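A closer look at the structure
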Amino acid sequence: MKPEIYILANGSMAQALACGLREDYKVFIVGRDPQKLQKLSSSGFETLLYEEFELEGRDVILAFKPYALKSVAEILRGRARVVLSVLAQVDFAALSCIKAQNVVRIMPNIAAKYRASTTPCVFLNSKFKDEILRLVRSFGSVYELGDERDMASAMALSGCAPAFLALVAEALSNGGVYGGLQKNLSAELVRGLFQSFSALLNHEHPALIKENICSPAGVTIRGVKALEDRAVRAAFIEAVRVSSQ
């Protein structure tokens, strides 16, 4: 019999987590809108309205918008066993409005739907820690942080940066089309490129990858210079900084 997990919300992140968890857990999605819940129910998920949900003794994931925390907390009664929060920039102090034996801040990304999320986490205490880590690993890799203050920057890299890389992928594909490639071929080459780069990154430092590809007066170093002329490196560092605020 699969353990139960309750996801409070039904947006993109909630659905990604539900898809990643469904193989190992019985997933319940809790929401406010019966029509949205009906669509999820037709996809094979158990659904509940908030007025039907009981917090007491449950393992829950908070995946609604951060601004909704107080209004949701007013609805919930009882004490959860475990609360996992994906609410960006909402610290343990703010999360204390929802009672639980343990609270864990996590920041997965939407690759959770393919069980490939990169997820930093930080624990309020050690209760049920092994169970919680097993749950988070069910939708990808997990990285435990030693200090809650590290979550902001870790969140920007894990949760936000896929959007930054999507811009890179789209731009590279557009560059191929600009050079004369058919759209489908250019997109396929970019997908293959990201797979190749992932393999390289698993074995080599990014700086070494760049140096090994660039040859004197070669075509690659010309492209690198064009990127540096446009401060691409600084732009990405700034993107991470502002997303972590």
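As a convention, each chain's residues are numbered from 1 in the sequence order in which they are written. Under the rules for a predicted model, residues below a pLDDT of 70 receive no local features and side-chain atom pairs below 80 are neither given nor counted, while totals for whole chains, interfaces and linings still include all residues. The basis for every side-chain value is the complete set of non-hydrogen atoms in the structure, without hydrogens or water.

**A word on the overall build of the chain**
- In terms of helices and strands, the chain carries 10 helices and 8 strands.
- The dimensions of the chain, computed from C-alpha atoms along their principal axes, are 65 × 40 × 30 Å.
- We call a residue buried when its accessible area falls under 20% of the maximum for its residue type, exposed when it is over 50%, and partly exposed in between, using a 1.4 Å probe and counting protein chains only. In the chain, buried positions account for 38% of the 245 residues.
- For the chain, the proportion of contacts with a sequence separation of at least 24, taken over those separated by at least 6, is 45%.
- Here, Shrake-Rupley sampling with a 1.4 Å probe gives the accessible areas, and only protein chains in the shown set may cover a residue. Accessible area for the chain stands at about 14,500 Å²; split by element, carbon and sulfur atoms hold 56% of it. Only runs of H or I of at least four residues qualify as helices and only runs of E of at least two qualify as strands under DSSP, and these elements are numbered from the N terminus. By the convention used here, residues are in contact when the closest approach between their heavy atoms is within 4.5 Å.

**Side note on the nonpolar core**
- If you look at the biggest cluster of nonpolar residues, it comprises 63 residues, and the most contacted ones within it are Leu8, Leu21 and Phe64.
- Top contributing element to this core by residue count: helix α1 (residues 12-21), with 6 residues.
- Contacts of Leu8, omitting those with residues within four sequence positions, involve Val30, Tyr50, Phe53, Val60, Ile61, Leu62, Ala63, Phe64, Val72 and Leu76. Joining through side-chain atoms within 4.5 Å is the link that ties buried Ala, Val, Leu, Ile, Met, Phe, Trp, Tyr and Cys residues into a set, and such a set is a nonpolar core.

**What to know about the sheet that holds strand β8 (residues 140-144)**
- Taken together, the 8 strands give an open sheet; going across it, the order is β3-β2-β1-β4-β5-β6-β7-β8, and neighbouring strands pair in mixed fashion. Of all strands in the sheet, those bounded by a partner on one side alone are β3 (46-49) and β8. Neighbour to neighbour, the strand axes of the sheet diverge by 25 degrees on average, direction disregarded.
- The pairing criterion is simple: DSSP has to find at least two bridges between the two strands. The sheet contact formed by strand β4 (residues 59-62) and strand β5 (residues 80-85) spans 4 bridges and is parallel. Following the sheet pairing, Leu62 is matched in β5 by Ser85. Only C-alpha atoms enter the line fits that serve as axes; for helices the fit covers just the stretch in contact. Angles between N-to-C directions range over 0 to 180 degrees.

**A closer look at the pairing of β4**
- Along β4, one buried face is formed by Asp59 and Ile61 and the opposite face, lined by Val60 and Leu62, is buried too.
- In the sheet, strand β1 (residues 4-8) pairs with β4 via 3 bridges, with the strands oriented parallel. Paired with Leu8 across the strands is Leu62, a residue of β4.
- Crossovers are marked right-handed if the path from the first strand over the helix to the second runs clockwise, as seen with the strands pointing away from the viewer. Regarding topology, helix α3 (residues 69-75) serves as the crossover connection from β4 to the parallel β5, and that connection is right-handed.

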